[in-house]
Amino acid sequence: MHTTVKGRSTTEDDITAEVLRRFEGTPDVRLREIVFALVRHLHGFVKDVNLTEAEWFSAIQFLTGTGQLCDDKRQEFILLSDTLGVSMVVDLMNHRKPEGATESTVFGPFHREGAREMPPGGNIAPRDDGGSPMMISGRVLDLSGRPIAGARLDVWQADSSGLYDSQYADRDELHMRGLFRTDSDGRYLVRTVRPVHYAIPNDGPVGQMLRATNRHPWRPAHVHFVVSADGFEPVTTHIFDDTDPYLESDTVFAVKDSLICHFVRHDARDDASQRLAIEPPFYTVDFDFVLKPRA
Ligand code: BEZ
Ligand code: FE
């Protein structure tokens, strides 16, 4: 025989209230705010959709699979955050830029430390024979349009097969990455190949989610940059190809109009291409980065 103890939690709302009570003693005020909102939203969501036990268990399996796929080369949780649009919401809330400053966008899971410092015109794609040569040039400026000398550009992109170096199981070396500095006029010059659109890794839980919801895995062609300089806020961003068919439906929601560029095709040699021994056809794109002062 068992007795009922009066006042014990019995309804769903009682459980939610009791969980919140248990977190009341959280000493860190911000952590308390976050945990409270998390519990309220999480419980609210479960109640909203009337989650079944089978659905709850498959969510646990999904998150388990997401974690199990993560290692130093594969970051399935970043992919999940990106494809759910969470990364871009966090980006937008945390990087409100004054008029004229270069907008930021997702960092993504493919940045690697240790890229080589390169001189102006250094080629980040020395082993990419399939791509069309491209030169990216421009300046790094402050909000008044003054050049920033010695600014640092960390550049990376997928190769012309749409893969990052870390996605090749049999290769460890860094490729399609470089560190550049601006000259005394704030100018930079990067040699690479024209980027292509590519599918994000979709052989794991994130791919399952995309297929189950009839979504595609494509990102429009882009080149990644982190641009930084003393006294300025660094900007993590991309430049995008204005002809790309996936600009309107980037699977990670990262396109901003101000980052869309025109890649100009050249069918004849000019001085710059001759100096860098680039054969036509090749592409050029000009993009100025504008940094805001550090707060
Ligand atoms: C990327 O552009 O490298 C990227 C960003 C988000 C998810 C996957 C890839
Ligand atoms: Fe990318």
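Fair warning: this is a prediction, and the values are worked out from it, not measured in the lab.

## Some thoughts on the coordination of the iron ion (ligand 2)
Move 1: Looking at the iron ion (ligand 2), one finds its protein donor set to be Tyr-164 (OH), Tyr-198 (OH), His-222 (NE2) and His-224 (NE2), positioned 1.9 to 2.2 Å from the metal centre.
Move 2: Counting residues between consecutive donors of the iron ion (ligand 2) along the chain gives the motif Y-x33-Y-x23-H-x1-H. A residue pair is termed long-range when its members are at least 10 positions apart, and Tyr-164 in the loop between strand 2 (152-156) and strand 3 (177-181) and His-224 in strand 7 (residues 222-228) qualify at 60 residues.
Move 3: For Tyr-164, a relative accessible area of 0% corresponds to the buried category.

## Some points on the packing of helix 1 (residues 12-22) against helix 2 (residues 29-48)
Move 1: Across the interface, helix 1 lies against helix 2 with an axial gap of 10 Å and an inter-helix angle of 165°. The pairing of helix 1 with helix 2 is recorded here as roughly antiparallel in orientation. Helix 1 and helix 2 meet at a crossing whose hand is right-handed. Contacts between helix 1 and helix 2 involve Glu-12, Asp-13, Ile-15, Thr-16, Val-19 and Leu-20 on the former and, on the latter, Phe-36, Val-39, Arg-40, His-43 and Lys-47.

## Topic: the pattern of salt bridges
Move 1: A full pass over the atoms with the stated rule returns 18 salt bridges.
Move 2: The salt bridge involving Asp-13 is made with Lys-47; its shortest N-O contact spans 2.8 Å. Within this pair, whereas Asp-13 is found in helix 1, its partner Lys-47 is found in helix 2, the two being separated by 34 residues in sequence.
Move 3: For Lys-73, the salt bridge goes to Asp-172, with nearest N and O atoms at 3.1 Å. Here Lys-73, found in the loop between helix 3 (53-68) and helix 4 (76-83), pairs with Asp-172, found in the loop between strand 2 and strand 3; they are 99 residues apart in sequence, far enough to count as distant.
Move 4: For Lys-73, a relative accessible area of 32% puts it in the partly exposed group.
Move 5: Among the charged side chains, a salt-bridge network with shared partners connects Glu-18, Arg-21 and Arg-22.

## Here we look at the environment of Val-90
Move 1: Among the structural elements, Val-90 can be located in helix 5 (residues 86-94).
Move 2: Here Val-90 falls in the partly exposed class, since its relative accessible area comes to 42%.
Move 3: Separated by 15 residues in the primary sequence, Val-90 and Thr-105 place their C-alpha atoms 10.0 Å from one another.

## Section: the side chain of Ser-87
Move 1: Within the secondary structure, Ser-87 sits in helix 5.
Move 2: Classification of Ser-87 as buried rests on a relative accessible area of 17%.
Move 3: There is a polar contact of 2.6 Å between the side chain of Ser-87 and the side chain of Ser-81.
Move 4: With residues up to four places along the chain from it excluded, the contact list for Ser-87 reads Ile-78, Ser-81, Asp-82 and Val-106.

Basis of the calculations
- Residues numbered from 1 in each chain as written.
- Chains lettered and ligands numbered in written order.
- Predicted model: local features only at pLDDT ≥ 70, side-chain atom pairs only at ≥ 80, totals over all residues.
- Heavy atoms only, no water.
- Donors = N, O, S within 2.8 Å, 3.2 Å for Na, K, Ca; no water.
- Helix = DSSP H or I, 4+ residues; strand = E, 2+ residues; numbered from the N terminus.
- Buried < 20%, exposed > 50% of the residue type's maximum accessible area, 1.4 Å probe, protein only.
- Axes fitted to C-alpha atoms, helices over the stretch in contact; angles between N-to-C directions.
- Parallel < 35°, antiparallel > 145°, perpendicular 65-115°, else oblique.
- Left-handed = near helix turned anticlockwise from the far one by under 90°.
- Contact = heavy atoms within 4.5 Å.
- Salt bridge = Lys/Arg side-chain N within 4 Å of Asp/Glu carboxyl O.
- Polar contact = N/O pair within 3.5 Å; in protein donor to acceptor, adjacent residues only side chain to side chain.

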